[in-house]
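The chain contents come next:
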Number of protein chains: 2
Amino acid sequence: MLPLRDAMRDTRAMSTPVHPLDAATHLEPLGSGHYRGHTSPNYANMVGPFGGVIAATLLNATLRHPGCQGDPIALTVNYAGPLADGGFTVKASPVRTNRSTQHWQLVMMQDAQVAATASAVFASRRATWSALEARFPEIPGARELQVEPNVERAPWTRSYEMRFVEGALRHSSHARQDSNSRSTLWIRDTPPRPLDYVSLVAICDAFFPRVFVRRPVWAPVGTVSFTTYFHADAALLAENGEAAVLGTARAHQFRNGYFDQIAEVWSEGAALLATSHQIVYYKE
Amino acid sequence: MLPLRDAMRDTRAMSTPVHPLDAATHLEPLGSGHYRGHTSPNYANMVGPFGGVIAATLLNATLRHPGCQGDPIALTVNYAGPLADGGFTVKASPVRTNRSTQHWQLVMMQDAQVAATASAVFASRRATWSALEARFPEIPGARELQVEPNVERAPWTRSYEMRFVEGALRHSSHARQDSNSRSTLWIRDTPPRPLDYVSLVAICDAFFPRVFVRRPVWAPVGTVSFTTYFHADAALLAENGEAAVLGTARAHQFRNGYFDQIAEVWSEGAALLATSHQIVYYKE
């Protein structure tokens, strides 16, 4: 299996290098909504791939489906078990198509076991009365902040450029304990890549597990369910181009093995592009 | 079909009245994870049933499944199309059972069409380091606030007792426009009913669509995707008994036909029981 070469043949001239995110989320169509994919070392996590790239791959299966209508509105991914480095399959099924919305169910399989399930809602959007209630964080511009060193234990962090205002992992000293787990940062793909739904959903999961910000201890963690709501249409995403986006993440509660986290992702131009939620298992 | 009588035979002595929520979410097992249910006039909405009772019915299908293990951690419901008043079927499928977690997919059908899909994660919880970051709202106790009149257009509101501190629909005057859509209230089932996962998830959807709080105009709306994270184990829910719970809801953004809303539900004793998110279609 040569996913990189396939990706190049598929969508670009042979002379254009494929972005590592496009290679990692590349899917070979097998017909009837079935696809074959392969994990990428560029997005490896401590065990298996970075969850954001799993979500991006599942979203990509829907986006690439010939029956797909509209833009993504909501994506929920349930991580049912660890995905090992290697090949996997995805099945994307449209379960109902209405006049302006379309509902999808997805399953990712590896070694005859369900690795992840997902659901997606797509819709055709129209201009309506609109209002923003959340506030764009008042923070320095990306260029005024230093790039954070990568996290060695999490190779996928090499695929992002992060510039923290608060809540970087290196700030997780004991002094922070009993405080809060908020992070605020500028983040973009590296090498740079124009923002689209695939990269946006991966970025929504690129905020470290809040328990690591709150407690300076490495312990087993794993997202069990992850939801992203897309507030942006494709044109608004395209406006951001390769610029960094602003992300904030925080938790409501850590309790008996599970904590939640909520994130906002804003464009450089102060448009709220996505809100995202997840619930995460943690040990001890 | 006699769902009320079935419910009584099923779980209670003939002399004990069935709570309307238990009648509305009652499911007759058909074998192999299939169930038959029926909508209830007590939880009717402007079109079809209140979405919270659809979510509660889907959760109930998992809770009643003989293979169900642990307590709910996450539930996502995608409302694929309108559910008409009448009968429907639910299929609950366990897709993966691990040592401490179990993943489910659910489908609700009516007239050979998918009305809703759902996914649920259940888990066995253990005592761990815990921390609360969200703040319990400082508001008057439930008994110090007046009960809000029901909303005539939404018959399901008769099944709840709501006492608002802010953001009731009757406060939606033009003066509120360009302000914000936050609501804070005490809410409980009426007649009173001990809190459990079924009633909690319905309450998570009992905050009116934020667009109605923000704009004093009745216009078509409909939740397309709804997620609840359960922070409470069954013992913590039982502690609350029939007391009201405190809910807050707000939106991040209304944009081109869709807005999100996020809610917190707290026990009378200041424990955060659930956080919930949804994305909602609105017209104009």
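Report follows, based on the coordinates. Just so it is clear, the model here is predicted, and its values are computed rather than measured.

Further remarks concern the overall build of chain A. Broken down by element type, chain A carries six helices and 14 strands. Judged by the C-alpha coordinates and their principal axes, chain A covers about 55 × 45 × 40 Å. When each of the 284 residues of chain A is scored for burial, the buried share is 60%. The contacts of chain A with a sequence gap of at least 6 include a subset with a gap of at least 24, amounting to 68%. Looking at chain A as shown, the accessible area adds up to about 11400 Å², and 49% of this sits on carbon and sulfur atoms. In chain A, 26 positive and 25 negative side-chain charges are present, and the distance between their average locations comes to 4 Å.

Our next topic: the nonpolar core. Core analysis: the biggest nonpolar cluster contains 71 residues, and A:Leu58, A:Val90, A:Leu106, A:Met108, A:Trp156, A:Tyr160 and A:Leu273 have the highest contact counts within it. Grouped together as the second largest cluster of nonpolar side chains are 70 residues, B:Cys204, B:Ala249, B:Phe259 and B:Ala271 included.

Let us look at the environment of A:Tyr35. Residues and elements named next belong to chain A. Residue placement: Tyr35 occurs in strand E2 (residues 34–38). Residues Tyr35 and Val90, 55 residues apart in the sequence, show an inter-C-alpha distance of 5.1 Å. Sequence-distant contacts of Tyr35, that is, excluding residues within four places in its chain, are made with Leu27, Glu28, Pro29, Leu30, Ala61, Arg64, His65, Pro66, Phe88, Thr89, Val90 and Ala92. There is a polar contact of 3.4 Å between the side chain of Tyr35 and the backbone nitrogen of His65.

A few words on the relation of the copies chain A and chain B. Each copy superposes on the other: chain A lies on chain B with an RMSD of 0.0 Å after a rotation of 180 degrees and an axial shift of 0.0 Å. One copy is carried onto the other by what is essentially a two-fold rotation axis. The fraction of interface residues of chain A whose copies in chain B are also interface residues reaches 100%, indicating that both copies meet through the same surface.

A separate point is the pairing of strand E11 (residues 245–250) of chain B. All names here are of chain B. Burial within E11 is extensive, with five of its six residues counted as buried. Bridge count for strand E9 (residues 183–189) against E11 is five bridges, and the pairing is antiparallel. Bridge pairing links Leu185 to Gly247 in E11.

Before going further, it helps to spend a moment on a nonpolar patch on the surface. Residues and elements named next belong to chain A. Together, Met46, Val47 and Trp218 line one region of the surface with nonpolar side chains, adding up to about 310 Å² of accessible area. Among the secondary structure elements, Met46 is positioned in the loop between E2 and helix H3 (51–64). Given a relative accessible area of 40%, Met46 falls into the partly exposed group.

Let us now look at the interface of chain A and chain B. Chain A puts 71 residues into the contact, and the matching count from chain B is 71 residues. On the chain A side of the contact with chain B, A:Trp129, A:Glu133 and A:His252 bury the most area, a combined 14% of that side's loss. Viewed at the interface, chain B and chain A are joined by four salt bridges. The tally of links from chain A across to chain B stands at 43 residue pairs in polar contact (both at pLDDT 80 or more). The greatest single-element share of the side of chain A that touches chain B, amounting to eight residues, is contributed by strand E6 (residues 113–123) of chain A. Here the residues of the side of chain A that touches chain B are counted per class, giving 32 nonpolar, 26 polar and 13 charged.

Okay, the packing of helix H3 (residues 51–64) of chain B against helix H4 (residues 197–204) of chain B next. All names here are of chain B. Remark: H3 packs on H4, axes separated minimally by 8 Å, with the N-to-C direction vectors making an angle of 150 degrees. For the element pair H3 / H4, the angle class is roughly antiparallel. By crossing handedness, the relation of H3 to H4 is classed as right-handed. The segment H3 lies against H4, with Gly52, Ala55, Ala56, Leu59, Asn60 and Leu63 engaging Tyr197, Val198, Val201 and Ala202.

Where burial is concerned, most of helix H4 (residues 197–204) of chain A is hidden: eight out of the eight residues are buried. Its side-chain oxygen at 3.2 Å from the backbone nitrogen of A:Val198, A:Asp196 defines the N-terminal cap of H4(A).

Parameters and conventions
- Residues numbered from 1 in each chain as written.
- Chains lettered and ligands numbered in written order.
- Predicted model: local features only at pLDDT ≥ 70, side-chain atom pairs only at ≥ 80, totals over all residues.
- Heavy atoms only, no water.
- Helix = DSSP H or I, 4+ residues; strand = E, 2+ residues; numbered from the N terminus.
- Buried < 20%, exposed > 50% of the residue type's maximum accessible area, 1.4 Å probe, protein only.
- Contact = heavy atoms within 4.5 Å.
- Areas by Shrake-Rupley, 256 points an atom, 1.4 Å probe, with all protein chains shown as cover.
- Lys, Arg positive; Asp, Glu negative; His and termini not counted.
- Charge placed at Lys NZ, Arg CZ, Asp CG, Glu CD.
- Core = buried A, V, L, I, M, F, W, Y, C linked by side-chain atoms within 4.5 Å.
- Polar contact = N/O pair within 3.5 Å; in protein donor to acceptor, adjacent residues only side chain to side chain.
- Least-squares fit on C-alpha atoms with pLDDT ≥ 70 in both.
- Pairing = 2+ DSSP bridges.
- Patch = residues over 30% accessible without salt bridge, like charges linked within 9 Å, V, L, I, M, F, W, Y side chains within 5 Å.
- Salt bridge = Lys/Arg side-chain N within 4 Å of Asp/Glu carboxyl O.
- Buried area = accessible area lost by both parts, 1.4 Å probe.
- Nonpolar A, V, L, I, M, F, W, Y, C, P; charged D, E, K, R; others polar.
- Axes fitted to C-alpha atoms, helices over the stretch in contact; angles between N-to-C directions.
- Parallel < 35°, antiparallel > 145°, perpendicular 65-115°, else oblique.
- Left-handed = near helix turned anticlockwise from the far one by under 90°.

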